[in-house]
Structure formats: structure tokens, C-alpha cells
Amino acid sequence: MSDLLTIETHDGQPGVLKLSGRLNTSTASELERALTQTLEQTGDIELDCSALEYLSSAGLRVLVGTHKRAVAAGGGVKLVSCTPDVREVFEITGLIDIFEVS
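Rules and cut-offs
Residues numbered from 1 in each chain as written. Predicted model: local features only at pLDDT ≥ 70, side-chain atom pairs only at ≥ 80, totals over all residues. Heavy atoms only, no water. Helix = DSSP H or I, 4+ residues; strand = E, 2+ residues; numbered from the N terminus. Rg over C-alpha atoms; globule rule 2.2 N^0.38 Å. Pairing = 2+ DSSP bridges. Contact = heavy atoms within 4.5 Å. Axes fitted to C-alpha atoms, helices over the stretch in contact; angles between N-to-C directions. Core = buried A, V, L, I, M, F, W, Y, C linked by side-chain atoms within 4.5 Å. Buried < 20%, exposed > 50% of the residue type's maximum accessible area, 1.4 Å probe, protein only.

Undergrad: Mind laying out the overall build of the protein, listing which residues take part and the relevant values?
TA: What the protein contains, in helices and strands, is three helices and five strands. The N-to-C order of helical and strand elements in the protein reads β-β-α-β-α-β-α-β. In terms of overall size, the protein behaves like a compact globule, its C-alpha atoms giving a radius of gyration of 12 Å where 102 residues would be expected to give roughly 13 Å. Its C-alpha atoms put the protein at 35 × 25 × 20 Å along the principal axes.

Undergrad: How would you explain the sheet that holds strand E2 (residues 16-23) if you had to name every residue and give the values?
TA: Reading across the sheet, the five strands line up as E1-E2-E3-E4-E5 and stay open at both edges, with mixed pairing between neighbours. Of all the strands in the sheet, the pair left with one neighbour each is strand E1 (5-9) and strand E5 (100-101). As paired elements, strand E4 (residues 76-80) and E5 share two bridges and run parallel to each other. Each residue of the ladder has a partner; that of Lys78, found in E5, is Glu100. Together, E2, strand E3 (44-55) and E4 form the strand contacts of helix H2 (residues 57-72), whose direction differs from that of E3 by roughly 175 degrees.

Undergrad: Any details on the nonpolar core? Residues and values, ideally.
TA: Ranked by size, the top nonpolar core spans 26 residues in total, and within it Leu47, Leu63, Leu79 and Phe90 carry the most contacts. For this core, the secondary-structure elements that each account for two or more residues are E2, helix H1 (28-41), E3, H2, E4 and helix H3 (84-93). Residues within four places of Leu63 in sequence aside, it is in contact with Leu31, Leu35, Leu47, Leu55, Leu79, Phe90 and Phe99.

Keep in mind these numbers describe shape, not what the thing actually does.
Structure, rendered in C-alpha cells:
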């Protein structure tokens, strides 16, 4: 399985990104760059995780860091359409209480 993450703007909406593939050590920096650019444009970020196959601790680190920066700027990070596997990662780590996950 390749380490590939696709990040697309969703329906042209600012602050809404669709993630596809694997979010791991090899791809976390790519997401971090995209989220930093998005935060410069808007304080709220919505991530469509319906096609996210895998989420590692490196990916969680990026999401937590982005969430902290967004909250400090008066916004937040929302994860929508999470697969059961991705949702389980948030439940096991306790991050389900910090992020809005659906």
C-alpha cells in the first residue's frame, strides 16, 4: 500500500478540505502545509474524512497542532464523515472530546 494522501478543496468552499488515502509520517507534513495555508484564509477548518483510510500518530499531531492554532484564532477544526476506523482512533486517544467528530 502506498503512502499517498490526497487533499482537495471541497466544493470550492474555503476552509473545507477532503482527505483521501493515508495520513502517516510520510504524508503528515503535506497536510500540515495545507492546513497552515487554510488557517491563513479562515479560522474554521472542516475536514471531510470519508475517504481517509488510515490515521497515524503523526497525523494526529498535525491535527492537534492545527486545532490549537485555530482555537487561539477564535476558530476550530471539525472532522466530518469519518470512517469507523478513523473515528475509533479519536475515541481511543480521548481526542473525541476535543474535536468535533462526526
